Amino acid sequence: MKYFKIKGINRILSISLLFLVNLGCSDFLDEENQSSLNPDSFYKSNVHAESALNAVYATTRFMGGNAGGNSSNWHLLEAVTGQSKNNSSSNQDLNSLSSLSYDSNIAHVKNIWAGTYKLVANANMVIEKVPGIYMPENRKKQILGEAYFLRAWAYFNAVRIWGDIPLITSPLGTGSEDFYAARTSQSEVYNQIVSDLKFSESSGLPFTDQTGRVSMAAVKSLLAKVYITMAGNPLNKTEYYVDAATKAKEVIDGSGADLFDTYGEIHEESNENKVEHIFGIQYAPNVESNPMAYSFLPPVNITKGGATGWQTNVPESNFYNSFEDGDLRKVNRKGWFFTDYFLGGSGALTDLGGPYVYKHFNVANYGSDVVEGKGTGDFLNFSIIRFAEVLLIFAEASNEISGPNADSLNAVKRIRDRAGLTMPSSLSKESFQKLIWKERWHELCYEQITWFDMVRLRKVFDSSSGDFNNFVGHTNLDSNQSLQEKHLLFPIPALELVNNPNLTQNPGYN
Amino acid sequence: MKLNHLLSSNWQYNLKKLAKIMKISVLLSVIMTFSSFAHNNIYSQDKISVNVKNTEIRNILDNIESSTELRFFYDNDIYDFKKKISLSLKEVTISKAISLIFENKIEFRLKENVVILEKSQLIEKDNVVDIKQEDIEQRIITGIITDDNENPLPGATIIEVGTSNGTTSDFDGNFSISLENEDASLQISFIGFETQTIAVGNSNNISVQLTIDGSSLDEIVVIGYGSQKKSDLTGAVGSIKESQIIERPVATINQALAGKIAGVQVNAANGRPGGKSKVRVRGISSINSGNDPLYVVDGVQLPQGPTTFGLSNTAIDYINPSDIVSIEVLKDASSTAIYGARGANGVILVTTKKGKSGESRVTYNSEFFVSEYGPNATPKRLNSEQFQMIEQLAYDNIAKFDPTGWASGNYANQEPSKKRAGAFLGDLVNELFDSSGKAKYDTDWYNELRQRRMSQNHQIGFSGGDDKKTFNASIGLRDERGLLINSYMKRYSTRFNFENQVNSWLKVGGTVDFSVRQENNQDTGPWVFESATHAFPFLPVQYATGNSPFFPPWFLNYASNLEYGFGTGAGGNFMYNPVMDLNYRKFMTDSHNFTGSFFTNINISKDLELRTSVSSNILNQGRKIFYPQFFNGGNNGAIQSNARNVFYSIENYLTYSKEIDDNNSITALLGASWQQTDLTWFQGDGYGTPSDGYGPNNLGAASFKNSSSSMSREALNSFFTRINYNLKDKYFFTFTARADGSSKFGKANKWAFFPSAAAAWRLSKEDFLSNSDVISNLKLRASYGQTGNSSIPAYASEAQLGPGSLLGGSNIPGYTAGFGSASAGGTGLLTLENTGLRWEIMTQFDIGLELGLLNDRLNIEMDYYNRETTDMLLNAPVPESTGFSVIRQNIGSMVNKGFELSLNSINIDRPDFTWNSTFNISMNTNEVLSLASPSDIFDVASPQFLGGGSIIRIGEAIGSMYGFTRLGVWGTNEAEEAAKYNYRGGKTVLPGDIKYKDLNGDYVIDNSDRSIIGNGYADAYGTFTNYFKYKSFDLTLDVQYSIGNDLADLGLHWGENSIGGTNLYTTVLNAWTPDNQNTMIPQVRNASAGSVSLFDSHMVKDASFLRGNNLMLGYTFKSESIQRLNLNKLRLYVSAQNFFLLMDKDIMSDPQVDVANWNVAGGNVASQGFKWHEYPKSSTFVIGLQVGI
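Being a predicted model, the structure only gives us computed values, none of them experimental.

Asks: I'm lost on the overall build of chain B in this one. Help?
Replies: On a plain count of helices and strands, chain B comes out with 20 helices and 58 strands. When each of the 1189 residues of chain B is scored for burial, the buried share is 62%. For chain B, the proportion of contacts with a sequence separation of at least 24, taken over those separated by at least 6, is 70%. When the accessible surface of chain B is split by element, carbon and sulfur atoms take 53% of a total near 43000 Å².

And the structure:
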């Protein structure tokens, strides 16, 4: 049979060739990722520096992120204040916040923790890598200043939420010592925050910035906020009232920051990052729309496009009623609330069946009786620091140092003037303190500020009596539940404790 | 002289058949061996002459012995050897001579020069009649029986129809038979081949070609890099044949597989035409990496995992099932190990049609079908009258559930009469309601979504060839219209393959497959179904009298829930009408799939062969998405994207096959393979074009634009070997080893080695069973081995920076910053480096039993397996203080244990009536053995709005549903106890509120009160198929069942609780009232008055079902009646698919679900059984035609 004969050497050759051709490619299994970048190849130019910084800015939006149905992460700081009601019961994590029965499993705590450290990790990359980039020195310094500010802001939130926290200030690898970081004491964390902000203060930032970047006013305002917090609970380093007043005063005396004349201007899209808005979380078309709006909107179709609310942030009626008569902030569609609005945004006026939060209502998008809404999405920024707060920080710190004086009285007067209220004629240090506190409650409500005031002062505004109760034992009127000592801190996320054996839980949450 | 098995020619024959039928060149040398053997057996070819008159047969035989070297052995009892006959034969083969001498009443076998005469099984001795002179004069028909490759078939039975007259073919396939009747027909049958009946007509010489019968035990099955006789297999291989594929006319191969093979679970997610199905072989083997099996089409491996734009479709979905002749599923480690790295999730081998030598064929298949909503496909909703009754009740009950709010008038506007009078409707209120407030319309929204369109499928095939070259070509057209308006899938497919035996040592061949698939997907989001479920029944689709004052003119006259007071739009808070959506929104995908392969087979020697194959799969997908203005409050959106997935591979392997002697044979394989996949993707988005008229086609006109793109490459390099050893046809051994290198792992861990071993023992070949009348086949087999899984994204081991994952529902990367109204791209951390990343390993043990009873009329095959996955590639959690939540790590293990049983039975086998049954059952249990951190992984399949849903926990099964337990509803006598609880947002818990199980007894219902309440995977599943044939009619009845799978019906959340804003499920009619306290449904009240809805045991249903998959009635025209039309086949059939469904009445719609890819349920392995509104399943009615020329 011919099959028994090998048909010459050429067949053997062809076999060997086929194997060899392929074996020749020794780099066949090498990887080169061309659509992602690598830390070793990036951070080489000013463009890289800006891009890396943008990622840090973008990460600030974690506060508005989704925390299960009908809730955003920032509800953590709102639902527990007792000044808003949750009329939708479908999110049990939110329910447990409202009823002060939350544990370490709730999404809000987990998400804010994750968001904080994601921001920190990205900021750490900028802080570590940008100094080595060859680029114009003045911009390099500003970029670093912005990154230090953002890291400080994230840690400032975290230290007030959890107390002692892991303090990570440089990029991590899987083998890093801080990969399983233990908690750092609050005072050390505050020292780091102050040091970061001082760096920012010296980084040549412009005093104001209308694009939403970190400005000098923002740095000084945040410093003032940090100092007044350090002066209060839990550190009680009262010497920082002086620094708080000083930094606030520098903002007040600087040019460009002021109050808007009307409350409506505060939530006008065209006024973003201007005048009173010192710093905020930036939402924009082609980026992200403000996801928090739904929690404030009423369940009635009063928006162009038909957006209706979740009813997870409905004003608690005692708090609503606690505004003085004549306070413009309580006036329907003039201040912080509305009780009727236009169907479909610009149709017939209809009763909403109760007060809803108007403070963050984006008229340009949803429409009004005079403007037809765009209906393309709510891109209103979410304010983090308003000038009104700076005025109140100054007044409070200054009063703590030496009692009322012309400057501090004037600062409060500017707030009350806009509300259409007069100043009481004579004020003691104590009565001025109460007045300032009350202004803080009424001026800064629904802005994630009140809860931190409650913790810092260990006082809670009692909206039925108009006076202030001690934190521990105060009963939230929306839920009829009382605050306990443990509520001064939130629990460390349960999963984090499991994944990091070096962490410990806050008291009362085990 | 009594002689038993001097020689069994079966094994030779089977090898020969194997090689020739399958054309697997691995075995080419075997053929050659055999051919040479055949040629050496000169006596079969020798011609003898006989010329005797009235001579005793025994003397004739003596004469032959003396004139040739032939020697006859026989038992005197088997025939009357003293019978005298007269015969004149000149130069005939010994076979023919014997046939004529013994009147075909004796069987004989030939070995070397020995002729063994045996008693024919066909004819009893008693029937042997004395031969008469005139019998010789009878009409004698001669002929030859061959297989479809023209290899002679010895031993085929030829019977004259209607008589007991018959014979068998000789060693060369020749036969001769004296006919008893005029107008006779011959029936030719042979084990393993389809029986044929042929009218003799006027011809005296007939050649008959038999074709393989797919159902035989002796069938050849394709295994990795080769093929084997089923009886020689050492591994667990399931197989289905063309005849089973064409039973159910379906769009994709995966759908054709459904229920056909034990251990293979196919879950069709929904009823979209050409829709996605998920195939799982022996359960879930991996939490985080891929669970899709590997598909190999004619030896060409396809890319694994979903295609970029596939909506879970995989490359196999682009191949036309009509081109398939067989599908084999490799299940155990021994059979999959040859695919090493890619075989961990099972391997599905697809063999397509090939041409046959000497035969030109044209086939034409055609189907027309219509679809209707399947049984229970759509949820049961309130009609207008019921809705208005519940609406009023819900309002009245506010006084009970929120007395404070009621007293302060917070709900005044929600009084139904005020809602009707709301300003949104304007004058339209008169169109909707009569003066008493009663609704005039009663719209069934699902009815309005439906289109009634005819679908069709056509396929033309050509095949042919000569002894050197064969080809097969086909062209197919499928135009499938879905149930929903504008839902379609069109596929144009062509496939061509050829093979050419160039010379004695070289064979070349190749395949080109090209298909175009165009679809408009109406299930890209849940909105359509969600809103059809929740749209008010009192609204029309479009107002007859004009547009609502609430909506701008471009909303046309379409109605929306938002126009009614406190109505909420389903699927998001925007104005929406599902019919409008189907009419105007576009989500079109155009896929061009090309597969090409080329091979050469070189016979280096008679035993050794080299095969080289080069193949490529190129999937080019373009997608156009368009959201008209109404979809987003007046702002339209257009997206165009393109993905190109290029896969290619080069494989070389040597096959050595050797019959060492009669008892030993060996097949050894050694090969190498290189594979690479390149993926590029580009997308451009535009929002706010001035007019919907541009559709998706002019992104430049948009006011906001955005674009993004990516590329990736992955490569796999492998070396493999396999040795099959066959000892005495009784003992079979297989050893396989494969070394794989993957680009995805860190430098030090790219390579892994996967060995396996298997053995099988055919007890039925042993002496103690070989004579059994009952047991015709008994085989035990066992295998043990490892395979690997690397189905993770490329670059997972590297540190990566990038623009971030896309923000939900947009094309904007997460690290994009906003400054004022401008956006600025960012570069941030994506993944952390893990250089230690390595292969996920699966170790599988399998033990199987194959049993054939009563001459294989009953075949039983069962397997037990234990598959353990270790070093699971898990996106394992790390402390989030690192800035990362997970790192891809090798941590965790799980085990799947299961039992599979298949039964095939020929219940009745008569000439004009046959009844076959097939039954299979698969049972699989899964247990997570270890995880990265010992803590539970929660809510991987989280229903977004309910804050929980699934859990991965050590000691429990993947797919566990995790939630609260609903005990019922608090009764009026439990008011005091209920009031102790706190879970209604601070409001007092009252009789009529849901009663949850308080696991830790703290009177708070929170996360610590959750437990495992179900599992989405079935305990057992399978099919039961019956096939009846009566004369020309055939009937197939195929039912599918699933036992013990749970369904998490998330639709119940809005369906029973969104009271006031939307339509509801009919279950609320059974809500708690003081008179109806024994119910699971809480008292009806306006949702804003405090209703609690948590993911709980009430939403989890036992979704066991029994489904009528297919009922088909066919009629095959008799060959004599269609010969006049020059046809060789003509069959007509009608079929009804999904024609009945038995299930728990509690379930609101079809219980069989996969996971929606919508964010609602995560879409991963843990979310099996989570149901959220989806494209309804259909019942399909088909009429079809099959023609062969």
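There is more to say after this.
Asks: What should I look at first to understand the overall build of chain A in this one?
Replies: When helices and strands are counted, chain A shows 18 helices and 10 strands. Across the 510 residues of chain A, 64% fall into the buried class. Contacts in chain A between residues far apart in sequence, at least 24 positions, make up 64% of those at least 6 positions apart. Of the roughly 17300 Å² that chain A leaves accessible, carbon and sulfur atoms contribute 49%. For chain A, the distance from the average site of its 44 positive side-chain charges to the average site of its 55 negative ones is 5 Å.

Asks: I'm lost on the sheet that holds strand β12 (residues 205–210) of chain B in this one. Help?
Replies: Within a sheet, adjacent strands bond to each other through the backbone by hydrogen bonds, running parallel or antiparallel. Residues and elements named next belong to chain B. With mixed pairing, the three strands of this open sheet are ordered in space as β9-β6-β12. Strands with a single pairing partner mark the edges of an open sheet, and in this sheet they are β9 (174–178) and β12. Taking the axes of each pair of neighbouring strands and ignoring which way they run, one obtains an average angle of 30 degrees across the sheet. Bridging between strand β6 (residues 140–147) and β12 involves six bridges; their strand directions are parallel. In the sheet register, D147 faces β12, and the bridge partner there is L210.

Asks: What is the right way to read the interface of chain B and chain A from this model?
Replies: As a measure of interface size, the accessible area lost when the parts come together is often cited. Taken residue by residue, the interface counts 109 residues in chain B and 100 residues in chain A. Both faces combined, the contact of chain B with chain A buries some 8800 Å², and carbon together with sulfur accounts for 58% of it. When residues of chain B are sorted by the area they lose upon contact with chain A, L801(B), F819(B) and E880(B) head the list and together hold 8% of the total. Linking chain B with chain A are one salt bridge, by the criterion used here.

Asks: Could you clarify how one ought to interpret the pattern of salt bridges in this entry?
Replies: Opposite charge on two side chains allows them to pair when their charged atoms are near. Residue and element names in this part refer to chain A. Counted by the stated rule, this structure contains 71 salt bridges over all chains. Salt-bridge contacts for E50 lead to R213; the nearest nitrogen and oxygen are separated by 3.7 Å. Of this pair, E50 sits in helix α2 (residues 46–59) while R213 sits in the loop between α7 (186–201) and α8 (216–231), and the two are 163 residues apart along the sequence. We classify R213 as buried; its relative accessible area is 16%. Among the ionic pairs, E276 bridges to R386, the shortest N-O distance being 2.7 Å. Residue E276 is located in the loop between α10 (263–266) and β2 (277–281), and its partner R386 is located in strand β6 (residues 382–386); the two are separated by 110 residues in the primary sequence. In terms of burial, E276 and R386 fall into one category: buried. Bridged by salt links that share partners, the residues E276, E324, D327, R329, K359, R386, R416, R418, E439, E443 and E447 form one connected network.

Asks: Explanation requested: helix α3 (residues 57–67) of chain B in the structure shown.
Replies: Structurally, the α-helix is built with 3.6 residues per turn, so residues lying three or four positions apart point the same way. Residue and element names in this part refer to chain B. Every buried residue of α3 is accounted for by I57, I60, L61 and I64. Along α3, the residues classed as buried sweep out an arc of 100 degrees about the axis, all on the same side. In this structure, the buried side of α3 is in contact with β1 (47–56), β2 (71–73), β3 (84–93), α4 (94–101) and β5 (114–119).

Asks: Any chance you could explain the packing of aromatic side chains here in plain terms?
Replies: Here the distance between the centres and the angle between the planes together describe a pair of aromatic rings. This structure, assessed with the given rule, holds 69 aromatic pairs over all chains. Measuring from ring centre to ring centre gives 5.0 Å for Y57(A) and F819(B), while their planes differ by 80 degrees; the resulting arrangement is edge-to-face. Here F819(B) lies in strand β36 (residues 817–819) and Y57(A) lies in helix α2, a pairing that spans two chains. Taken together, the ring pairs in this structure connect F338(A), Y341(A), F342(A), Y358(A), F361(A) and Y366(A) into an aromatic cluster. Over the face of the ring belonging to F156(A) we find R160(A), whose NZ or CZ atom lies 3.5 Å from the ring centre.

Asks: Even after reading the chapter, I still don't get α8(A), so can you show me in this structure?
Replies: Along its 16 residues, α8(A) runs 22 Å from first to last C-alpha, staying within 8% of the 22 Å computed at 1.5 Å per residue. The element α8(A) is extensively covered by neighbouring structure, given that 16 of its 16 residues are classed as buried.

Asks: Explain the nonpolar core here, please?
Replies: Side chains of nonpolar character tend, in soluble globular proteins, to be buried together. Formed by 152 residues in total, the largest nonpolar core has its most connected members in W162(A), I193(A), W451(A) and F490(A). No other element matches helix α6 (residues 137–162) of chain A, which puts 15 residues into this core. Excluding residues that lie within four positions of it along the chain, I193(A) makes contacts with A152(A), Y155(A), F156(A), V159(A) and V226(A). Listed in part, the 46 residues of the second largest apolar core include I390(B), L425(B), I1059(B) and I1081(B).

Asks: Sorry, what's going on with the sheet that holds strand β53 (residues 1046–1049) of chain B here?
Replies: All names here are of chain B. Here we have three strands laid out as an open sheet, ordered β54-β53-β57, and mixed in their pairing. Looking at the sheet topology across the chains shown, the edges are occupied by β54 (1100–1102) and β57 (1170–1171). In this structure, β53 lies alongside β54, joined through three bridges in antiparallel fashion. Bridging from a neighbouring strand, A1048 pairs with V1100 of β54.

Asks: Would you take a moment to explain the side chain of T589(B) for this structure?
Replies: Within the secondary structure, T589(B) sits in strand β27 (residues 586–603). Separated by 3.0 Å, the side chains of T589(B) and R623(B) make a polar contact.

Asks: What exactly am I supposed to notice about a negative patch on the surface here?
Replies: All names here are of chain B. On the surface, D1019, D1102, D1144 and D1146 cluster together into a patch of negative charge. Structurally, the position occupied by D1144 is in the loop between β56 (1129–1143) and β57. Overall, the relative accessible area of 30% leaves D1144 in the partly exposed class.

Asks: How should I be thinking about the pairing of strand β7 (residues 157–160) of chain B in this particular structure?
Replies: Consecutive side chains along a regular strand alternate between the two faces of the sheet. Residues and elements named next belong to chain B. When β7 meets strand β8 (residues 166–168), the two strands line up antiparallel, connected through three bridges. In the sheet register, T157 faces β8, and the bridge partner there is T168. Where β7 lies against strand β10 (residues 185–189), four bridges are found, and the strand directions are antiparallel. Bridging from a neighbouring strand, T157 pairs with S189 of β10.

Rules used in this analysis
- Residues numbered from 1 in each chain as written.
- Chains lettered and ligands numbered in written order.
- Predicted model: local features only at pLDDT ≥ 70, side-chain atom pairs only at ≥ 80, totals over all residues.
- Heavy atoms only, no water.
- Helix = DSSP H or I, 4+ residues; strand = E, 2+ residues; numbered from the N terminus.
- Buried < 20%, exposed > 50% of the residue type's maximum accessible area, 1.4 Å probe, protein only.
- Contact = heavy atoms within 4.5 Å.
- Areas by Shrake-Rupley, 256 points an atom, 1.4 Å probe, with all protein chains shown as cover.
- Lys, Arg positive; Asp, Glu negative; His and termini not counted.
- Charge placed at Lys NZ, Arg CZ, Asp CG, Glu CD.
- Pairing = 2+ DSSP bridges.
- Axes fitted to C-alpha atoms, helices over the stretch in contact; angles between N-to-C directions.
- Buried area = accessible area lost by both parts, 1.4 Å probe.
- Salt bridge = Lys/Arg side-chain N within 4 Å of Asp/Glu carboxyl O.
- Arc of directions from axis to C-beta.
- Phe/Tyr/Trp six-rings, centres within 6.5 Å; stacked < 30°, edge-to-face > 60°.
- Lys NZ or Arg CZ within 6 Å of the ring centre and 35° of its normal.
- Expected span 1.5 Å × (residues − 1).
- Core = buried A, V, L, I, M, F, W, Y, C linked by side-chain atoms within 4.5 Å.
- Polar contact = N/O pair within 3.5 Å; in protein donor to acceptor, adjacent residues only side chain to side chain.
- Patch = residues over 30% accessible without salt bridge, like charges linked within 9 Å, V, L, I, M, F, W, Y side chains within 5 Å.

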